[in-house]
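Results of the structural survey
Chain by chain, the residues:
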Amino acid sequence: MTLSRRKFTTLSLAALSMPVFAPAVLGQAKPRVVVIGGGPGGGTVARYLAKDSNGAIDVTLVEPQKNFTTCFFSNLYVGGFRDFKSITHNYDKVRKSGVHVAHVSAVSVDRDKKEVLLSNKSKLPYDRLVIAPGIDLKFDSVPGYSEEAAQIMPHAWKPGSQTELLVKKLNALKDGDTIVMVCPPNPYRCPPGPYERASMFAHVLKKKGHKKSKIVILDPKPTFSKQGVFMEGWEKHYPGMIEWQDPKMHGGIKGVDPKTGEVKTDLATYKAALANVIPAQMAGKIARDAGLADQSGFCPIDPENMRSKIDANIYVVGDACIPGDMPKSAFSANSQAKVAAMNIRGELTQSRVFPARYSNTCWSLIAPDDDIKVGANYEPGEGKIKQGPGFVSQKGESDDIRKANYRESLDWYNGIVADTFG
Ligand SMILES: Cc1cc2nc3c(=O)[nH]c(=O)nc-3n(C[C@H](O)[C@H](O)[C@H](O)COP(=O)(O)OP(=O)(O)OC[C@H]3O[C@@H](n4cnc5c(N)ncnc54)[C@H](O)[C@@H]3O)c2cc1C
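Residues numbered from 1 in each chain as written. Predicted model: local features only at pLDDT ≥ 70, side-chain atom pairs only at ≥ 80, totals over all residues. Heavy atoms only, no water.

**Points about the overall build of the protein chain**
From N to C terminus, the protein chain includes 12 helices and 22 strands. By principal-axis analysis of the C-alpha atoms, the protein chain measures approximately 75 × 45 × 40 Å. Out of the 422 residues belonging to the protein chain, those deemed buried represent 57%. Intrachain contacts of the protein chain at a sequence separation of at least 6 include 67% that bridge at least 24 residues. Carbon and sulfur atoms make up 51% of the accessible area of the protein chain, which amounts to about 17,800 Å² in all. Computed over 56 positive and 44 negative side-chain charges, the inter-centroid distance for the protein chain is 4 Å. (Helix = DSSP H or I, 4+ residues; strand = E, 2+ residues; numbered from the N terminus. Buried < 20%, exposed > 50% of the residue type's maximum accessible area, 1.4 Å probe, protein only. Contact = heavy atoms within 4.5 Å. Areas by Shrake-Rupley, 256 points an atom, 1.4 Å probe, with all protein chains shown as cover. Lys, Arg positive; Asp, Glu negative; His and termini not counted. Charge placed at Lys NZ, Arg CZ, Asp CG, Glu CD.)

Following this line, the structure appears as structure tokens:
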């Protein structure tokens, strides 16, 4: 057998100590799926495809990180309710479930040849490609902010070292210091996330006995997720500590200066001992570079199956896609991933495909055992993923309800982590 150059580069992946594509090279016709991104979106697609196809599909997950720290529950780490290890997971069980895992980055996608170029120069051919790279940050959406500035004013909106830096700075604060949060415009990952984070900041300051410290939230949006119940909780647990400002109140966020720690609005300049700047967001670079995003910066999909509207051989799940009425959340990513996996399996192995059904719930912890939630079911409709019946926590709920919400959120975390990482 003569090996072509393309097959040879594919074979060189063996250097990554992964058993890739031997069947394809030997001429067997196992359909190949490549998944880019090992978060709750990509990880779930990869595991469900391998598991449900009983090995009939050759699945490769491309993810540079050997250890994945979840953004979800990172606020609980900020609040001291979880340690860092408990929100960090590896891919050992993903491998055991029959998925080839390559710890490299995908550099580009050749959509004509149906190949993914990897950072080690190998190429992975695919029959179907799943792109789930999460978000990239638009650093320049906040004047003065940059990737370098994030080392001083952490965003912590991508997990890992940024979250650790945020916590280090939080723990170093003295009574009387000011935390300034700059919130992102829509659409962004985890709509209630910034406000849960503010609650966790306040919880830590209260626990340390701070009497004079303040948290100023500068928001480019006029309203935010679960606003009424958040604000009621802030008044109950942290009276006078958290000040939320909408655009009418601050007049516009003019910029940040990492050298002085200043955050400027149209009406005031704040000296922040800790500035948490969360800029605007867009789909991860690999999705944009592959030409799968529209002018919004995110990737349009067919709500019936999560297939890219731009390339029928590619599926986009998670934060990188345009999810219609669904929020960008790990719960949504996991739900979309199951729909994508079912449809890909149907296409490649003729297995039965059921109508797409999606769901989401976002829990937010305001204070110990005081947890609020918002959620809904979704299905395709009006050309998008359309919201059906939903629910949201109400003001004045009993302690028991809030405590039960917290327990539910812990169960959900264990469930989604098992779904994604095995
Ligand atoms: C503070 C905070 C709190 C949150 N809390 C919640 C919550 O309580 N509940 C909830 O449901 N959601 C929550 N979220 C949102 C949730 O974390 C995201 O919506 C979710 O992680 C999106 O999953 P994803 O798989 O699309 O992307 P990600 O989780 O970002 O995973 C993408 C993966 O792709 C990889 N990747 C990127 N580019 C490449 C490339 N070129 N090649 C290979 N791999 C690549 C990355 O390394 C990454 O591992 C929270 C987010 C934040 C910031």
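Right, picking up where we left off after that structure.
**Observations concerning the sheet that holds strand E21 (residues 370-381)**
If you trace the three strands from one edge of the open sheet to the other, you get E20-E21-E22, paired in antiparallel fashion. Either end of the sheet is taken by a strand with one partner, and the two such strands are strand E20 (358-367) and strand E22 (384-392). Sheet twist, expressed as the mean angle between neighbouring strand axes with direction ignored, is 25°. Across seven bridges, the pairing between E21 and E22 is antiparallel. Following the sheet pairing, Glu379 is matched in E22 by Lys386. (Pairing = 2+ DSSP bridges. Axes fitted to C-alpha atoms, helices over the stretch in contact; angles between N-to-C directions.)

**A short note on the packing of helix H6 (residues 161-171) against helix H7 (residues 193-207)**
At a minimum axis separation of 11 Å, H6 and H7 run at an interaxial angle of 35°. Handedness of the H6/H7 crossing: right-handed. Every residue of H7 that contacts H6 at Leu166, Leu170 and Asn171 is listed here: Arg197, Phe201, Val204 and Leu205. Class assignment for the residues of the contact of H6 with H7 results in five nonpolar, one polar and one charged. (Left-handed = near helix turned anticlockwise from the far one by under 90°. Nonpolar A, V, L, I, M, F, W, Y, C, P; charged D, E, K, R; others polar.)

**Section: the confidence of the model for the protein chain**
Caution is warranted with low-pLDDT regions, since their predicted coordinates should not be read in detail. In this model, the protein chain carries an average pLDDT of 94, and 93% of its residues clear a pLDDT of 70 or more. Mean pLDDT across the secondary structure elements of the protein chain bottoms out at helix H1 (residues 5-11), with 37, and peaks at strand E19 (residues 314-316), with 99. Confidence drops under a pLDDT of 50 for residues 1-27, and excluding neighbours within four residues, the segment shows 37 contacts in the predicted structure. (pLDDT = per-residue confidence, 0-100.)

**Side note on the sheet that holds strand E17 (residues 274-277)**
Strand order across the open sheet formed by four strands is E13-E12-E11-E17, with parallel pairing between neighbours. Of all strands in the sheet, those with a lone pairing partner are strand E13 (242-245) and E17, marking the two edges. Along the sheet, successive strands turn relative to each other by an average axial angle of 15°, direction set aside. Pairing between strand E11 (residues 178-182) and E17: four bridges, direction parallel. Across the sheet, Met181 pairs through a bridge with Asn276, a residue of E17.

**Let's talk about the packing of aromatic side chains**
Both the distance between ring centres and the angle between the ring planes are used here to describe each pair of aromatic rings. Counted by the stated rule, this structure contains 17 aromatic pairs. Ring centres 5.8 Å apart and planes at 35° place the aromatic pair Phe139 and Tyr145 in the tilted group. With a relative accessible area of 18%, Phe139 lands in the buried category. Taking relative accessible area as the criterion, Tyr145 reaches 5% and is therefore assigned buried. For the pair Phe224 and Trp244, a centre-to-centre distance of 5.2 Å together with 65° between the ring planes defines the contact as edge-to-face. Remark: Trp244 occurs in strand E13 and Phe224 occurs in the loop between strand E12 (214-218) and helix H8 (227-237); sequence separation between them is 20 residues. Of the two residues, Phe224 and Trp244, neither departs from the other in class, the shared state being buried. The structure contains a cluster of three or more aromatic residues connected by ring pairs, namely Phe72, Phe73, Phe331, Trp363, Trp412 and Tyr413. Here Lys328 stacks its cationic end above the ring of Phe298, 3.8 Å away from the centre of that ring. (Phe/Tyr/Trp six-rings, centres within 6.5 Å; stacked < 30°, edge-to-face > 60°. Lys NZ or Arg CZ within 6 Å of the ring centre and 35° of its normal.)

**Here's the deal with the environment of Leu267**
Position of Leu267 relative to the elements: it lies in the loop between strand E15 (262-265) and strand E16 (269-271). On the basis of relative accessibility, which here comes to 60%, the residue Leu267 falls in the exposed class. Here the alpha-carbon distance between Leu267 and Ile253, two residues 14 residues apart in the chain, equals 9.1 Å. When residues no more than four places from it in sequence are discounted, the contact partners of Leu267 are Met249, His250 and Gly251.

**Quick word on the site of the ligand**
Near the ligand lie 33 residues; those nearest to it are Gly41, Glu63, Ala106, Arg189 and Asp319. Take Pro40: an N or O atom from its main chain is 3.4 Å from an oxygen atom of the ligand. Asp319 is positioned such that a nitrogen or oxygen atom in its side chain is 2.8 Å from an oxygen atom of the ligand. Where the shell around the ligand is concerned, the elements lending two or more residues are helix H3 (40-52), helix H4 (74-78) and helix H11 (330-349). The element best represented in the shell around the ligand is H11, accounting for three residues. Counted by class, the shell around the ligand contains 17 nonpolar, 11 polar and five charged residues. (Near = heavy atom within 4 Å. Polar contact = N/O pair within 3.5 Å; in protein donor to acceptor, adjacent residues only side chain to side chain.)

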